[in-house]
Amino acid sequence: MYCTRKIREDLIWVGADDRRLSCFEGVYGVPDGVSYNSYLLLDEKTVLFDTVDKAVYSVFLENLAHALSGRPLDYLVVQHMEPDHAATLELVVQRYPEAKIVCNAKTKTMIAQFFPLDLAERMVLVKEGESLCTGRHTLHFVMAPMVHWPEVMMTYDSADKILFTADAFGTFGALNGRLFADETDFFGEHLDEARRYYTNIVGKYGPQVQAALKKAAALEIALVCPLHGFVWRSHFGDFLEKYLLWSSYTPEEKSVMLAYASVYGHTENAANILAARLAEKGVRVRMYDTSVTPASYIVSDAFRCSHLVFAATTYNAGVFVTMENLLHDIAAHNLQNRKVALIENGSWAATSGKVMKELLSGLKNIEFLGETVTLKSALREDQLAELDALAEAIAAELAPVPAAAPAEAPAGQFSPEAVDNKVFSKFSYGVEVLTTRVDGRDYGCIINTAGQVASCDPKKITISCIKKNHTCDMVAKAGRFNISILTEDAPYSLFQHFGFQSGRDVDKFADLPWDERSSNGIRYIPQYTNAVLSCEIIDVKDVETQVLYIANVVEARVLSSAPSCTYGYYHAHIKPKKNPAPEQKECWVCRVCGYVHEGADMPDDFSCPLCKHGKEDFEHVKPVEKKKEKGYVCTVCGHFEPCEGELGEDYVCPICHHGREDFEPAER
Ligand code: FEO
């Protein structure tokens, strides 16, 4: 029986879960299963995005037939040829002989390698930036080589702002009925498996992932549809932020991943003592026995933690086999930018420390902390000091450092350096739309300053408004205002609409879909809000850049039970995160709305043209001086090889293995 889910009226998930697979790609355990996603677009033409693994072919074909409801399949877009997606391509093209196959030239070659089919007449070959109109939708093809294979491409539907991302943004784990990430506690329950999926499947290809993210950053995205795991329709920025860290080999947290290989428990004992010393110093430790925990979990936490400790016994004049495998795996995944400490053990000729160092020393920006601690069979009492010193060295970089006692400071003096502006986004106050009406015209803006100050009747609240904000003047003129309390589902566009343009320039209410007014005749916002208050001003205070209004509440209604949006929630979940690695020029960036004022100087009386905040709310951003590095870039996978002269005749790309004829001179 078919089992599908509707994503939009004309977009259906037709994939399937596999909970019987023990090892994904034959190596990565998937105790929670895995999903193979496939999507059917029902436009004037019908379009299937990828097929599925052969393990779930039966329900997939039923899903597809049901979703098509008797319509022909016009296009099959093949974004990735790895058999966990393309194994059932042959079945689909045979069952739907009218379907054209939309793919790139590399995919065409791979289809011929995998399947003995003559499909030349049915192929529609696409390149970077080319598009295909299917009726209401237009599909734009974005090449994403080496995320995870060289033929990978993504597809962007500009009509509904949907990005089909192939393997990117996937996760291990079956969907279990929940298709959307927001139907789960994703960051609580699934982030670890998303990290393990990313680091082990595409972790090696960080620069290629960064290149794909840069392309995606230029797109407006409402929905992200990967080939494994959940579909994203909200809060995608939080997941994207993780991808920016992982793909740039930046640690997610200041913590220690401690992995040990121990045959009779003596190396484990030293590892335990070190872990205990670190914990006593307030350092977070994630600890693994390499003989017990599969390498994919340890690789994943090596990407997560800033500091790595490896402890291993000597074995066959080298290093114990499970540690050797782990370090090969970490090196193969190209991990960078980590601090590493080593503990070796050997009853006669300890070699494990040297071998571990060699296995890791080819990685970029790996710094070894202190000397390798050497055990002879077992830790001696007099060696505890060495572990203490190692714990001390690590903790000195990670544990919070107690602040030195301040010098005598005169009370009550203001010093700008003593005030971190980020503190003000920690308040749990809400965000609201302030509206008023003067001379038959409506005005409104976003504020985050409403609060109750008296519970007597009539109840009293205060709001404050930036003086330069047009609505501030209008509130003073009107003597009354409404407050619509925003909820967590409020879209960023609503904040942009009321917060990042001025009522002096535009009528913010001209195109609004709502026309509701309270009894005072002032507009309020009935959607994405949970309450509206109508207020009469009883007092006004000038507070330098702001005006503080004290008002009686004369009418108040609850509109919904949705949770109020706090200022912190807005910053964490609604305000989009910065785009990855933009070209940086010296500028000033508004911390409130993100407006960028280019140039080195900003006048003291400058106010943001979007949100009207002053210079004190801008961050001065200076470009980091970077010397251009000469080299060659692989035209197949994008790998950059630093090189001052010519590439050697025998040179082959370490990523995709193409020869030097596929490289072009480049700088970065
Ligand atoms: Fe999910 Fe690279 O295949």
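Above this text is the structure in question.
Keep in mind that this is a model prediction, so the values were computed, not measured. (Residues numbered from 1 in each chain as written. Predicted model: local features only at pLDDT ≥ 70, side-chain atom pairs only at ≥ 80, totals over all residues. Heavy atoms only, no water.)

Student: What exactly am I supposed to notice about helix α11 (residues 352-361) here?
Tutor: Note that an α-helix has 3.6 residues per turn; residues three or four places apart therefore point the same way. Along α11, the positions that sit buried rather than exposed are Ser352, Gly353, Val355, Met356, Leu359 and Leu360. All buried residues of α11 fall inside an arc of 165° around its axis, so they share one side. (Buried < 20%, exposed > 50% of the residue type's maximum accessible area, 1.4 Å probe, protein only. Helix = DSSP H or I, 4+ residues; strand = E, 2+ residues; numbered from the N terminus. Arc of directions from axis to C-beta.)

Student: Would you mind showing me how to read the sheet that holds strand β35 (residues 640-642) here?
Tutor: Spatially, β35-β34-β36 is the arrangement adopted by the three strands of the open sheet, whose pairing is antiparallel. In this open sheet, the two strands that pair with only one neighbour each are β35 and β36 (663-667). Neighbour to neighbour, the strand axes of the sheet diverge by 35° on average, direction disregarded. (Pairing = 2+ DSSP bridges. Axes fitted to C-alpha atoms, helices over the stretch in contact; angles between N-to-C directions.)

Student: Is there a simple way to explain the sheet that holds strand β8 (residues 46-49) in this structure?
Tutor: Two strands in a sheet stick together by hydrogen bonds in their backbones, pointing the same way (parallel) or opposite ways (antiparallel). Read from one edge to the other, the open sheet built from seven strands follows the order β1-β2-β7-β8-β9-β10-β11, with strand pairing classed as mixed. Of all strands in the sheet, those bounded by a partner on one side alone are β1 (5-8) and β11 (123-125). Taken over all neighbouring pairs, the strand axes of this sheet differ in orientation by 25° on average, direction set aside. Relative to strand β2 (residues 11-13), β1 is paired through three bridges, and the arrangement is antiparallel. If you follow Arg5 over to β2, its bridge partner there is Trp13. Contacts from helix α1 (residues 57-68) reach β2, β7 (39-42) and β8, with the element oriented near 10° to β7. (Contact = heavy atoms within 4.5 Å.)

Student: Would you mind going over the packing of aromatic side chains with me for this structure?
Tutor: Each pair of aromatic rings is reported with the distance of its centres and the angle of its planes. Enumeration according to the criterion identifies 30 aromatic pairs in this entry. Ring geometry for Phe114 and Phe115: centres 6.3 Å apart, planes at 45°, overall tilted. In this structure Phe115 comes out as buried when scored by relative accessible area, which is 9%. With 5.3 Å between their ring centres and 85° between their planes, Phe172 and Tyr197 make a pair best called edge-to-face. Placement of Phe172 in the loop between β15 (162-164) and α5 (186-201) and of Tyr197 in helix α5 is noted, with a sequence separation of 25 residues between them. Grouped by ring-pair contacts, the aromatic residues Phe169, Phe186, Phe187, Tyr198, Phe230, Trp232, Phe236, Phe239, Tyr243 and Trp246 constitute a single cluster. Looking at Arg196, its charged tip hangs above the ring of Tyr297, at a distance of 4.0 Å from the centre. Geometry around Phe180 places Arg233 over its ring, the cationic atom sitting 3.7 Å from the centre. (Phe/Tyr/Trp six-rings, centres within 6.5 Å; stacked < 30°, edge-to-face > 60°. Lys NZ or Arg CZ within 6 Å of the ring centre and 35° of its normal.)

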